[in-house]
Amino acid sequence: QVQLVKSGGGLVQAGGSVRLSCAASGRTFSTSRMGWFRQAPGKDREFVAAISRSGGNTYYADSVKGRFTISRDNAKSTVFLQMNSLKPEDTAVYYCAADYGYGLSYSSQSVYDYWGQGTQVTVSS
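Reference entry: report on the structure contained in this document. (Residues numbered from 1 in each chain as written. Predicted model: local features only at pLDDT ≥ 70, side-chain atom pairs only at ≥ 80, totals over all residues. Heavy atoms only, no water.)

## Details of the overall build of the protein chain
(1) Moving on: Along the backbone of the protein chain there are zero helices and 11 strands.
(2) Moving on: The secondary structure elements of the protein chain, listed N-terminal to C-terminal, are β-β-β-β-β-β-β-β-β-β-β.
(3) Moving on: For a compact globule of 125 residues, the expected C-alpha radius of gyration is about 14 Å, and the protein chain comes in at 13 Å, within 12% of that figure.
(4) Moving on: Along the longest, intermediate and shortest principal axes, the C-alpha atoms of the protein chain span 40 × 25 × 25 Å.
(5) Moving on: Looking at the protein chain residue by residue over its 125 residues, the buried ones come to 46%.
(6) Moving on: Summarising the internal contacts of the protein chain: among those between residues at least 6 apart in sequence, 59% fall at separations of at least 24.
(7) Moving on: On the protein chain, roughly 6300 Å² of surface is accessible, and the fraction owed to carbon and sulfur atoms is 45%. (Helix = DSSP H or I, 4+ residues; strand = E, 2+ residues; numbered from the N terminus. Rg over C-alpha atoms; globule rule 2.2 N^0.38 Å. Buried < 20%, exposed > 50% of the residue type's maximum accessible area, 1.4 Å probe, protein only. Contact = heavy atoms within 4.5 Å. Areas by Shrake-Rupley, 256 points an atom, 1.4 Å probe, with all protein chains shown as cover.)

## As for the environment of Ala40
(1) Moving on: Take Ala40: it is sitting in the loop between strand 4 (33–39) and strand 5 (46–51).
(2) Moving on: Remark: the alpha-carbon pair of Ala40 and Gly56, spanning 16 residues in sequence, is separated by 29 Å.
(3) Moving on: With residues up to four places along the chain from it excluded, the contact list for Ala40 reads Thr91 and Ala92.

## Structural notes on the environment of Ser54
(1) Moving on: Along the chain, Ser54 turns up in the loop between strand 5 and strand 6 (58–60).
(2) Moving on: For Ser54, a relative accessible area of 63% puts it in the exposed group.
(3) Moving on: Separated by 20 residues in sequence, Ser54 and Met34 have C-alpha atoms that sit 10 Å apart.
(4) Moving on: Those residues within four positions of Ser54 in sequence are excluded, and the remaining contacts are Arg72 and Asn74.
(5) Moving on: In terms of polar contacts, Ser54 uses its side chain to reach the backbone amide nitrogen of Gly56, at 3.1 Å. (Polar contact = N/O pair within 3.5 Å; in protein donor to acceptor, adjacent residues only side chain to side chain.)

Take a look at the structure:
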């Protein structure tokens, strides 16, 4: 079983920055593709970013491209989401997820095997 423990989040003003971390345990972290998703009030959960096992490839939703950066430290079994130039529409509960298979889609929730508990990020205008 994999456990994903997140830290970071909270309240930030528009234009500000927040860094989320997600520490994994239970399986070899470097064999997992990692993703971040978010769910805004009244909306479905959506893809935010993903990173390959080595960290050499990253993928972003168009809405966050150029503002958010996903990275990972395999030695520390941790994935990060650096969020800059935050907007009120970025307000959501953010989730990290781990994919230990070889799903073709990095943005589909169904390929991810394990999910962390969400953490709230609120961006005030």
